[in-house]
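Remarks on the overall topology
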Amino acid sequence: YHAYVAYFNHFGVYFNDVYMGSLVAGALDYLSRAYLYTGDEKYGRLGAIILDRIADIYPEMSIKYWSTTGGRRYPNSTGGSPAGKDLGRIWASFSAERYAECYDIFYPMFADEEVVSFLSEKAEYYNLENDKASAIKIRKNGEDGICRAIFEGCKSASILGNFGLHQRALIKAAIALDDAKDTAAMLDWVYASSSTDNNSFNTGGDINSRLIDELYRDGMNRESPYYNQMALGDLIDAALALERYARATGGVDKIMVL
């Protein structure tokens, strides 16, 4: 079997890195930067609309069908399992983090009149459950379809990267969500012990014990040099994000910083 459409979705639509852009991930990357750097609403409008559509479908995304059904072979960044979302579960950490950051970046634009008008018209045309007739409803779509969906992906092991990857993604999602109850639960999960069947559930991000058991005094862990420095950079980025969030919300004494 050949999964041509699945591979196009991977590399042409959702995969993004510094050398290879893609339709969705690349657009969000450029639009979010342009909006941040210039404040020009034309970038924010388009980015908000794209991200809202991702939120519609992201919770149900899975590559398992192409990985497991009818003898299909769809090698992906899964670590040998069939699990993943828009990408295999390892690289899905990168896209999850990007979606969470973009939800935070485009947050003001969900109240833009043109954005609300466009999305509500599309919701009516396609008979969506959420009619997107207000900023509150559009933001609710992002909260559930991006931030909370990332948490569900981490718990179901469909987002599970090298040390630091999915932990950082979930921290960014928790901060973007900024919900009194769910943000606390998401951050607690990052520190909870990990128990997993490697395919369908994961009980925690296990940061504390892995920092103690796996990191050497020079800051490296047990993987190759590239992955060692990547893990360290991911954890530093996550720690800085937590610290900024704690100070912004006045919860320095309540939020554990790495």
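The structure this text deals with has already been given above.
Quantities reported herein were computed from a predicted structural model and do not represent experimental measurements. (Residues numbered from 1 in each chain as written. Predicted model: local features only at pLDDT ≥ 70, side-chain atom pairs only at ≥ 80, totals over all residues. Heavy atoms only, no water.)

Another aspect to go through is a nonpolar patch on the surface. Together, Y7, F11, W91 and F94 make up an exposed nonpolar region whose accessible area comes to about 340 Å². By relative accessible area, which is 33% here, F94 ends up partly exposed. (Patch = residues over 30% accessible without salt bridge, like charges linked within 9 Å, V, L, I, M, F, W, Y side chains within 5 Å. Areas by Shrake-Rupley, 256 points an atom, 1.4 Å probe, with all protein chains shown as cover. Salt bridge = Lys/Arg side-chain N within 4 Å of Asp/Glu carboxyl O. Buried < 20%, exposed > 50% of the residue type's maximum accessible area, 1.4 Å probe, protein only.)

Moving on to unusual backbone geometry. What is expected of a backbone is that most residues other than glycine have negative phi and most peptide bonds are trans. The phi dihedral of A157 falls on the positive side, at around 65°, and the residue is not glycine. Here A157 lies in the loop between helix 7 (135-155) and helix 8 (165-177). Here A157 falls in the buried class, since its relative accessible area comes to 0%. If you check the backbone angles, D178 has positive phi at about 50° while not being a glycine. By the secondary structure assignment, D178 is in the loop between helix 8 and helix 9 (182-191). On the basis of relative accessibility, which here comes to 47%, the residue D178 falls in the partly exposed class. (Helix = DSSP H or I, 4+ residues; strand = E, 2+ residues; numbered from the N terminus.)

Turning next to the nonpolar core. Ranked by size, the top nonpolar core spans 56 residues in total, and within it L51, Y58, F106 and I150 carry the most contacts. Beyond its immediate sequence surroundings of up to four residues, L51 is in contact with L28, Y99, C102, Y103, F106, F110 and I146. (Core = buried A, V, L, I, M, F, W, Y, C linked by side-chain atoms within 4.5 Å. Contact = heavy atoms within 4.5 Å.)

The next subject is the environment of T38. Mapped onto the elements of the fold, T38 is located in helix 2 (residues 23-38). Note on T38: relative accessible area 52%, which makes it exposed. A polar contact is formed between the side chain of T38 and the backbone oxygen of A34, at a distance of 2.6 Å. (Polar contact = N/O pair within 3.5 Å; in protein donor to acceptor, adjacent residues only side chain to side chain.)

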